[in-house]
Amino acid sequence: MRHIIRSAVPALLFCSLLSVTWLLAQQTAAPQTSSATPAETAPKLEHFDVKLADPSLDPCQDFYQYACGKWFAANPIPPDQVAWATDSGLLYWNQNILRAAMEKAAATTQGRADYEQKIGDYWAACMDTSGIEAAGARDLKPELARIGRMKSRADLADQLAHLHATIPAAWQADDNQTDAALLGFGQSQDFDDATKVVAFIDQGGLALPSRDFYLKDDEKSKEIRSKYEAHIAKMLQLAGENPQQAAVDAKTVLTIETALAGAQMDNVARRDPKNLNNKMTLENVQALTPSFDWKHYIAVVGAPASKPHYLVASPQFFRALDKIIREHSVDDWMAYLRWHLVHGSAPYLSKAFEDENFEFFRHTLFGAEEQLPRWRRCVRMADRDLGEALGRAYVAVAFPPESKQRALALVHGVEQALAQDIAGLDWMQAATKQQATAKLRAIEDKIGYPDHWRDYSSVKITRSSYVNNVREATIFEFRRQLNKIGKPVDRAEWGMTPPTINAYYDPQLNTINFPAGILQPPFFETRMEDAVNYGGIGATIGHEITHGFDDQGRKFDAAGNLHDWWTPADAKAYDERGECIATQYTQEVPEAGVKQDGHLTQGEDTADNGGIRLSLMALENKAKAEGKSLDEKDPDGWTPRQKFFLAYAFSWCTAQRPEAMRTQVLTNPHSVAKYRVNNVLENMPEFQQTYSCKAGAPMVRANACRVW
C-alpha cells in the first residue's frame, strides 16, 4: 500500500479503493519498449448522472447491475487493461497532468529547479527506448558477476543486503508482505509505544502473489506454477544462461520459494497485529537463523541499531528459513539470487525482458491482452520513485483551495456522525464509549498533500540509464526508511503520493489521509449536490474513519499503541457482530471460480458497511440543519436519498477480467466491487425503504449484519 520500496513495515494502512488501485498497479508495472506511442482513445473523466440507472431493472434484485449495467455496456475493458472502472478516466486524467509536467521539465536543461531536473531527466531516460534497447542486459552484468563470486552459504547475508538496497521490490496486497528476496527488512513504529521507530523484520522471498499460489493443489494452481517455472527459465536465459542450466535453476527457484511459502504465516493470521508484535534482541534474531549472519547484513545495509528491540513479524518463518538455507547448496542460492535480480530489474530493461515479464505477470496472472502505452508506464514509475516531486505539479493544477475546504467539511460531518453513532450504541458500555470517543476526537485529518515536500536532492537521476535511475531511487528510499530507526516518528509524512486515487487510515498515527487524486470526479465535485458527494467521497471518508474501529483498528488506542481498551463484554459483543460480517462475505465468486474468505476481507467489509451508514447520517444531519428533505423528488425525478445510494454504487462500477478477479479473491483483503455494493446495501434498512424493497427480495438480508 505504501510507496515504500523495501521497508518491512507491518503495512497496517487500511485503504478504501485498494481492490481497484491494486489492479491498476498490476497492469502498470513495466513500461513497453516500442518507440512509437500506440494510437489511443482517451477515456473520459466520468461524472455521476442519474440517467445511467437502468429503469428496466428492479433495484431490489441486484442494485449493482441496476446502477452500473448501462455503464458496463458502454465501457468494455480495453485490451491493455485488466479492469475498467468509473475512476479509470480519472487515472488517465491524473497521469496526463503528470506527463505534461515531466515533458515540460525534460524540454530544457537550463534554469530548472532541482525537483524539475529529477522528473525531467527521469522521463527522458524512461522514454529513450532506443537507448534501453541498445543497453540490453548490460546493466545486469556487474550484478550477476557479483552474485557469481559467492563462495559459501556464509556469503548469503552480504549478497542479500546488496540486492535489497539496490533492486526495487513490491509490497504484496494479500498479506502485507514484500516480494524482496528471502526476507523483508525495514522500519516500523513500535506496536507498544507508537512514538518510537524500530527495525522490522518480516517474511518474504516470493515472486508469485501469495503463498497460496505455491501451496494450493487445484488444477489451475498447478497450471500457473508450471507456467511460472517456464517463465523463470526464459528470464534466466535472457540474462545469459544456457537453456539446460536455466531449466535446472528454474526448478531450484520454485523449490526454494515453495519452501518459503510453506513457512510463512497465512494472510488471515497476519491481520491480527498481536501476531506480528514479537519483540526480540538482535541475539534472539540470530538464534532463530544461525545460518544467516544478521550482524553483517545490518552493517551492509547501514541500519542503525534498533533499541530497545527488533520487531520480528513471523518468528516461525525464520526458524524454518535456517533449515531452508542449510538444505540448499551455494549454487542453488546463486540461482535464487540471480532470479530475483532479473525479476526485479526486468521492467526497466530491453524489450525481450519486458515482453516475457508481461506475458506471465500481467497476461497469465491478470489477463491483460496488451501493454499500456509507454508514457503511462513511465508516469507510473516516476510517481513511485519521485512521487512528491511530481505531486507539486499535480496539486497546482488539480486541487484548488476550495476543494480542500469542502472536503474537510465532509470529513468533519462524518466524524460527527460516528460520535453520534457511538453515543447511541446499545451494545457498548459507557467506559468503552468514552475510550472510543476519545480515539475519534484524536484522529488527525490529512487532506490533499503534505505540508512539506520531500527533498530528493541526493537522488542521482540522469538521462543516460533508466534502470540506473530506478536503482538510485531505490537506494534513496531504502536508506530514507532505515534512517528513521531510533528517531522520533514523523507524523507529517504521507504514505501515498498526491495524485493517488485512494485513501487510507493509519492506526499507529491515528490519521486519515485523502490524497488530492481521489478528491476528483466521480467521487467528489464541488459543483455536485450534497447527496452525490456524500454517496461518493463521503462513504469513502466514512470507510477510512471506520477502519479505526474495525477488527484490526480497534486494537489500537488514541495514541496509536497496541492496547486493549475494551471491556471484555464489549469485546465479545464486537466480535459477534464482526463474525456476522465475515460469515456474510465468505461466499463463492462464480466469475472468478474461487471462494472468498470473509475473515480475510472482514476489516474492509466492516469499513464499507460502516462508512456508508456514517455518510448517510452526516448527510441527514446536514439536510436537517438546512431544513431540506432527502425524500422529496428533485426536478430530475429522483430524491436526494435515492441519488445518494446511486452515487455510492456508481463509484464502484468495475469490470474485471476473470484472471484478475481470481487473483484478487485469493490474495486481497478487499471484496470485489459487486459485493462492496450489494452486500453492504443488503444490510441497510435505509436503502430498502428508499427503494421499496420487500422482505424476501435479494437486496434484503434476513439476518442483517451491523457493527457501526
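Read on for an overview of the structure. (Residues numbered from 1 in each chain as written. Predicted model: local features only at pLDDT ≥ 70, side-chain atom pairs only at ≥ 80, totals over all residues. Heavy atoms only, no water.)

**Some details on the packing of aromatic side chains**
In total, this model carries 35 aromatic pairs according to the counting rule given. With centroids separated by 5.9 Å and ring planes inclined at 70°, the aromatic side chains of Trp71 and Phe72 adopt a geometry described as edge-to-face. For the pair Trp71 and Phe72, a shared accessibility class is recorded, and that class is buried. By the ring-pair criterion, three or more aromatic residues cluster together here, those being Phe63, Tyr66, Phe644, Phe645, Phe687 and Tyr691. (Phe/Tyr/Trp six-rings, centres within 6.5 Å; stacked < 30°, edge-to-face > 60°. Buried < 20%, exposed > 50% of the residue type's maximum accessible area, 1.4 Å probe, protein only.)

**So, the packing of helix 18 (residues 401-424) against helix 23 (residues 602-625)**
When two helices pack together, their arrangement is given by the angle between the helix axes and the distance between those axes. One way to put it is that helix 18 packs onto helix 23 with a least axis distance of 8 Å and a crossing angle of 105°. As summarised for this structure, helix 18 and helix 23 are arranged roughly perpendicular, according to the angle between their axes. Of the residues in helix 23, those touching helix 18 at Gly413, Val414, Ala417, Leu418, Gln420 and Asp421 are Leu614, Ser615, Met617, Ala618 and Asn621. Considering only residue class, the contact of helix 18 with helix 23 consists of six nonpolar, four polar and one charged. (Axes fitted to C-alpha atoms, helices over the stretch in contact; angles between N-to-C directions. Helix = DSSP H or I, 4+ residues; strand = E, 2+ residues; numbered from the N terminus. Parallel < 35°, antiparallel > 145°, perpendicular 65-115°, else oblique. Contact = heavy atoms within 4.5 Å. Nonpolar A, V, L, I, M, F, W, Y, C, P; charged D, E, K, R; others polar.)

**Section: helix 18**
Under the 1.5 Å per step criterion, the end-to-end length of helix 18 is 35 Å for 24 residues, consistent within 8% with the ideal 34 Å. Among the residues of helix 18, Ser403, Ala407, Leu408, Leu410, Val411, Val414, Glu415, Ala417, Leu418, Asp421 and Ile422 are the ones counted as buried. For helix 18, the elements touching its buried residues are helix 19 (430-442), strand 7 (444-448), strand 9 (511-515), helix 21 (530-547) and helix 23. (Expected span 1.5 Å × (residues − 1).)

**With respect to the pairing of strand 4 (residues 197-203)**
The buried fraction of strand 4 amounts to seven of the seven residues, a majority that puts the element mostly inside the structure. Bridging between strand 3 (residues 183-189) and strand 4 involves seven bridges; their strand directions are antiparallel. What sits directly across from Leu183, in strand 4, is Gln203. With two bridges joining them, strand 4 and strand 6 (residues 310-312) adopt parallel strand pairing. Paired with Phe200 across the strands is Leu311, a residue of strand 6. (Pairing = 2+ DSSP bridges.)

**Remarks on the packing of helix 4 (residues 114-127) against helix 20 (residues 466-482)**
Where helix 4 contacts helix 20, the axes come no closer than 8 Å and their chain directions differ by 140°. As judged from the angle between their axes, helix 4 and helix 20 are oblique. Facing helix 4, whose interface residues are Asp121, Tyr122, Ala125 and Cys126, helix 20 presents Tyr466, Asn469 and Val470. Here the residues of the contact of helix 4 with helix 20 are counted per class, giving five nonpolar, one polar and one charged.

**Things to note about the sheet that holds strand 5 (residues 279-280)**
Taken in spatial order, the four strands make up an open sheet running 3-4-6-5, and their pairing is mixed. A strand with exactly one partner marks an edge of an open sheet, and here the two such strands are strand 3 and strand 5. On the sheet, helix 13 (residues 315-327) packs against strand 3, strand 4, strand 5 and strand 6 and is oriented at approximately 55° with respect to strand 4.

**Considerations on the pattern of salt bridges**
Tallied over the entire structure, the rule returns 45 salt bridges. The partner of Arg657 in a salt bridge is Glu369, and the shortest N-O contact between them spans 3.3 Å. Of the two residues, Arg657 sits in the loop between strand 12 (654-656) and helix 25 (658-667) while Glu369 sits in the loop between helix 15 (351-364) and helix 16 (374-385), which places them 288 residues apart along the sequence. (Salt bridge = Lys/Arg side-chain N within 4 Å of Asp/Glu carboxyl O.)

**Regarding the environment of Val198**
Tracing the sequence through the fold places Val198 in strand 4. Along the primary structure Val198 and Pro304 are separated by 106 residues, whereas in three dimensions their C-alpha atoms are 9.3 Å apart. Dropping the residues within four chain positions of it, Val198 is found in contact with Gly186, Gln187, Ser188, Asp190, Ser306, Lys307, His309, Leu311 and Ile485.

**A word on the environment of Leu282**
Along the chain, the position of Leu282 falls in helix 11 (residues 282-288). Sequence separation between Leu282 and Leu311 is 29 residues; the distance between their C-alpha atoms is 9.9 Å. Here Leu282 is in contact with Trp294, Lys295, Ile298 and Tyr310, once residues within four sequence places are set aside.

**Some words on the nonpolar core**
What tends to happen in soluble globular proteins is that the nonpolar side chains get buried as a cluster. In this structure, Phe63, Phe185 and Tyr297 are the most contacted members of the largest nonpolar core, which totals 206 residues. Those residues in contact with Phe63 that sit more than four places away from it in its chain are Phe645, Leu646, Ala649, Val677, Asn678, Leu681, Phe687, Tyr691 and Met699. Formed by nine residues, the second largest nonpolar core is a distinct cluster that contains Val198, Leu311, Ala313 and Phe556. (Core = buried A, V, L, I, M, F, W, Y, C linked by side-chain atoms within 4.5 Å.)

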